[in-house]
Amino acid sequence: MSGRRGTNLPRMGDYNLRVVLDQIRRSRTGVSRIELSELTGLSAQTITNLVTRLIADRRVVEGARHVSGPGKPRTMLHVRPESGHAIGVHIDPLALTVALVDLSGAVVDRRVQPLPPTAAETVDLIAAEVRHVRESHELEHLHGLGVAAPGPIDLDAGRMVRPPLLAWGDVPLRDLIRSATGLATVLEKDVTAAMAAEIWQRHHTLRGTTLFTYLGYGIGFAFARDGELLTGASGNAGETGHIIVDADGPPCWCGNRGCIGIASSMDYLVEQGGDLGLLEPWDPSLPPWRIEVRMERLAALAADGDARARDLLEVCGRRIAHGIVLVADLLDADRVVVGGANWERMRPYVVPAATEELGRFGTMRDLHAVEVEGTDLGIWVGAVGAASLVLDRALSPHATALLSAAE
Ligand SMILES: [Zn+2]
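Fair warning: this is a prediction, and the values are worked out from it, not measured in the lab.

Description of the overall build of the protein chain
Moving on, step 1. Each helix and strand counted, the protein chain has 13 helices and 15 strands in total.
Moving on, step 2. The globule rule puts the C-alpha radius of gyration for 407 residues at 22 Å, and the 23 Å found for the protein chain is close to it.
Moving on, step 3. Taking the principal axes of its C-alpha atoms as reference, the protein chain extends roughly 75 × 55 × 40 Å.
Moving on, step 4. Here the protein chain holds 407 residues, and the buried ones make up 52% of them.

Digging into the pattern of salt bridges
Moving on, step 1. Scanning all chains against the criterion turns up 24 salt bridges.
Moving on, step 2. Between R80 and E82 there is a salt bridge, with the nearest N and O atoms lying 3.6 Å from each other.
Moving on, step 3. Its relative accessible area of 8% is what places R80 among the buried residues.
Moving on, step 4. Look at E82 and you get partly exposed, because its relative accessible area is 39%.
Moving on, step 5. Two residues, R111 and E129, come together in a salt bridge whose shortest N-O distance is 2.7 Å. Pair noted here: R111 is in strand β5 (residues 107-113) and E129 is in helix α4 (residues 119-136), with a separation of 18 residues, a long-range link.
Moving on, step 6. By relative accessible area, R111 is classed as partly exposed at 23%.
Moving on, step 7. One continuous salt-bridge network, built from bridges that share partners, spans R58, R80, E82 and E140.

Let's talk about the domain arrangement of the protein chain
Moving on, step 1. Looking at the assigned domains, one finds that the protein chain contains domain 1 (13-79), domain 2 (84-198 + 382-394) and domain 3 (240-333 + 341-374).
Moving on, step 2. The C-alpha centroid of domain 3 is placed 47 Å from the C-alpha centroid of domain 1.

Considerations on the packing of aromatic side chains
Moving on, step 1. Counted according to the given criterion, the structure contains zero aromatic pairs.
Moving on, step 2. Across from the ring centre of W200, 3.5 Å away, lies the NZ or CZ of R25, which sits over that ring.

A closer look at the nonpolar core
Moving on, step 1. Among the nonpolar cores identified, the biggest contains 44 residues, and L211, L269, L313 and M346 are the most heavily contacted of them.
Moving on, step 2. Contributions of two or more residues to this core are made by β11 (209-215), β12 (219-225), α7 (260-263), α8 (266-275), α9 (288-303), α10 (307-331), β14 (335-339) and α11 (343-361).
Moving on, step 3. At 10 residues, α10 tops the list of elements feeding residues into this core.
Moving on, step 4. When near neighbours in sequence (up to four residues on either side) are disregarded, L211 contacts F221, A222, F223, I324, V327, A328, L331, A333, R335, V336 and V337.
Moving on, step 5. Counting residues in hydrophobic clusters, the runner-up holds 40 residues, among them I24, L50, A99 and A222.

Comments concerning α8
Moving on, step 1. Three or more residues of α8 are buried, namely M266, Y268, L269, V270, G273 and G274.
Moving on, step 2. Close packing links the buried residues of α8 with α7, α9, α10 and α11.

Re the coordination of the zinc ion
Moving on, step 1. Protein-derived ligands of the zinc ion are H242 (ND1), C252 (SG), C254 (SG) and C259 (SG), with the metal-ligand distances lying across 2.0 to 2.3 Å.
Moving on, step 2. Geometry at the zinc ion is tetrahedral, judged from the four donor atoms that bind it and their angles of 105 to 118° at the metal.
Moving on, step 3. Here the donor residues of the zinc ion share one chain and are spaced in sequence as H-x9-C-x1-C-x4-C. Note that H242 is positioned in the loop between β13 (228-230) and α7 and C259 in the loop between β13 and α7, a separation of 17 residues in sequence.

Some remarks on unusual backbone geometry
Moving on, step 1. Note the cis peptide between G151 and P152, where omega equals -5°.
Moving on, step 2. Among the secondary structure elements, P152 is positioned in the loop between β6 (142-149) and β7 (153-154).
Moving on, step 3. Unusually for a residue other than glycine, R162 sits at a positive phi of about 40°.
Moving on, step 4. Despite not being glycine, D226 shows a phi value in the positive range, around 45°.
Moving on, step 5. The topology assignment puts D226 in the loop between β12 and β13.

As for the confidence of the model for the protein chain
Moving on, step 1. In this model, the protein chain carries an average pLDDT of 90, and 94% of its residues clear a pLDDT of 70 or more.
Moving on, step 2. pLDDT under 50 marks residues 403-407. Its contacts with residues more than four places away, or in other chains, come to four contacts.

What about the layout of surface pockets?
Moving on, step 1. In this structure, the largest pocket encloses a volume near 1,000 Å³.
Moving on, step 2. As for the largest pocket, its lining consists of 42 residues, and the residues nearest its centre are P164, L165, L166, Y217 and G218.
Moving on, step 3. Where the lining of the largest pocket is concerned, the elements lending two or more residues are α6 (190-201), β12, α7 and α9.
Moving on, step 4. Here the element with the most residues in the lining of the largest pocket is α9; it accounts for three residues.
Moving on, step 5. Residue assignment places the lining of the largest pocket across two domains, with domain 2 (84-198 + 382-394) and domain 3 (240-333 + 341-374) each supplying three or more.
Moving on, step 6. Here the second largest pocket defines a volume of roughly 380 Å³.
Moving on, step 7. Counting only elements with at least two residues in the lining of the second largest pocket, the list comes to β10 (185-189), α6, β13 and α12 (381-395).
Moving on, step 8. The dominant element in the lining of the second largest pocket, judged by the number of residues it contributes, is α12, at four residues.
Moving on, step 9. Residue composition of the lining of the second largest pocket, by class: 10 nonpolar, seven polar and five charged.

With respect to the sheet that holds β7
Moving on, step 1. Strand order in the open sheet made by the three strands is β7-β8-β9, with antiparallel pairing throughout. At either end of the open sheet lies a strand with only one pairing partner, and these are β7 and β9 (170-171).
Moving on, step 2. By the bridge criterion, two bridges tie β7 to strand β8 (residues 159-161) in an arrangement that is antiparallel. What sits directly across from D154, in β8, is R159.

A short note on the state of the cysteines
Moving on, step 1. A full pass over the atoms with the stated rule returns zero disulfides.
Moving on, step 2. Lacking any disulfide linkage, C316 is separated from the closest cysteine sulfur, that of C259, by 14 Å.
Moving on, step 3. Overall, the relative accessible area of 2% leaves C316 in the buried class.

About the thresholds
- Residues numbered from 1 in each chain as written.
- Predicted model: local features only at pLDDT ≥ 70, side-chain atom pairs only at ≥ 80, totals over all residues.
- Heavy atoms only, no water.
- Helix = DSSP H or I, 4+ residues; strand = E, 2+ residues; numbered from the N terminus.
- Rg over C-alpha atoms; globule rule 2.2 N^0.38 Å.
- Buried < 20%, exposed > 50% of the residue type's maximum accessible area, 1.4 Å probe, protein only.
- Salt bridge = Lys/Arg side-chain N within 4 Å of Asp/Glu carboxyl O.
- Domains from an automatic or database assignment.
- Phe/Tyr/Trp six-rings, centres within 6.5 Å; stacked < 30°, edge-to-face > 60°.
- Lys NZ or Arg CZ within 6 Å of the ring centre and 35° of its normal.
- Core = buried A, V, L, I, M, F, W, Y, C linked by side-chain atoms within 4.5 Å.
- Contact = heavy atoms within 4.5 Å.
- Donors = N, O, S within 2.8 Å, 3.2 Å for Na, K, Ca; no water.
- Tetrahedral: all angles 85-135°; square planar, octahedral: opposite > 155°, others 65-115°.
- pLDDT = per-residue confidence, 0-100.
- 1 Å grid on protein atoms, 1.4 Å probe; cavity = no way out; pocket = protein on both sides within 12 Å on 5 of 7 lines; lining within 4 Å.
- Points joined across faces, edges and corners; volume = space filled by probe spheres on them.
- Nonpolar A, V, L, I, M, F, W, Y, C, P; charged D, E, K, R; others polar.
- Pairing = 2+ DSSP bridges.
- Disulfide = S-S within 2.5 Å.

What follows is the structure, encoded as structure tokens:
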């Protein structure tokens, strides 16, 4: 997101207010009124009026005076982080994570709970978590609740559509959560939310074409260009679990072998660990959190030098890396960010394999480098992203805001 320019037409006040607030938010060291005028293309007088409104609304404060060369020192403007918050919730088979995020993108509070077995119990738990967060913090302005959930999702209806990772069927999740919490609720696919977290947290530097790879209980991808999400016709881009990454890989329920979804799943790794005698025998009735406990043991065995555990994770790392390279090529990405609950365990096996394959086979290897890096947000990336989407919709200048301002 390079920041949008303003418009000097009349009756565009709210849109321009968002443009200015967005530019101030993006500037970590503060920005002066003159710089705002240059950045937005708005006249000095318009900037003065808008900044006066933002200061009166206590969204923005004046900071240090900055002297550069002759002339009047410039007063730097900063957002007041505590002037706005959003709550983000990530529904994942492994856990329910909750994050309270302020206007600067900082995580003010975070909590994690086991995910209940049913959608109804999960909605109740989310309502209780939201109550707890609201009681624990004095929030000047709560912009709403963002919910990240496994795809596919009918974004218009706010429904989960038989997500393969949760046996909940079709659930009108957004409306159920909105009535249970009384908050404006945004429902988004988990990987898209994770990509949004990267954009909101790193809005100063996230240029070019970015591929986010979410490695949790399963795998998913999301895409952005110059800080704008690319989400496809129904908002479900990246639901690509059936990309074949190894023709000799494990059989998938779709009838093929070696699909990335099955080959990278915790279920498959833990089952293999059981077959090799490294873990207890596989039991398909295990709840996801118990599968993750076994996954943790498998990763610890590999880290301690157990050759069979290492081989297993190295093969998996190469398969994931191959999938990442295929998708990075498809997108002509110059940055790959990886995160999710299984990322830290798989990082030592995925990064070297992906770096090697990109260097040897990446189609664009002679044109540009492709960086592979981990998210800084750990297991919180989905919840932080869901909150970021709420803040983005409430505060950032989007074309829809311009249209409604013009009505
Ligand atoms: Zn498949």
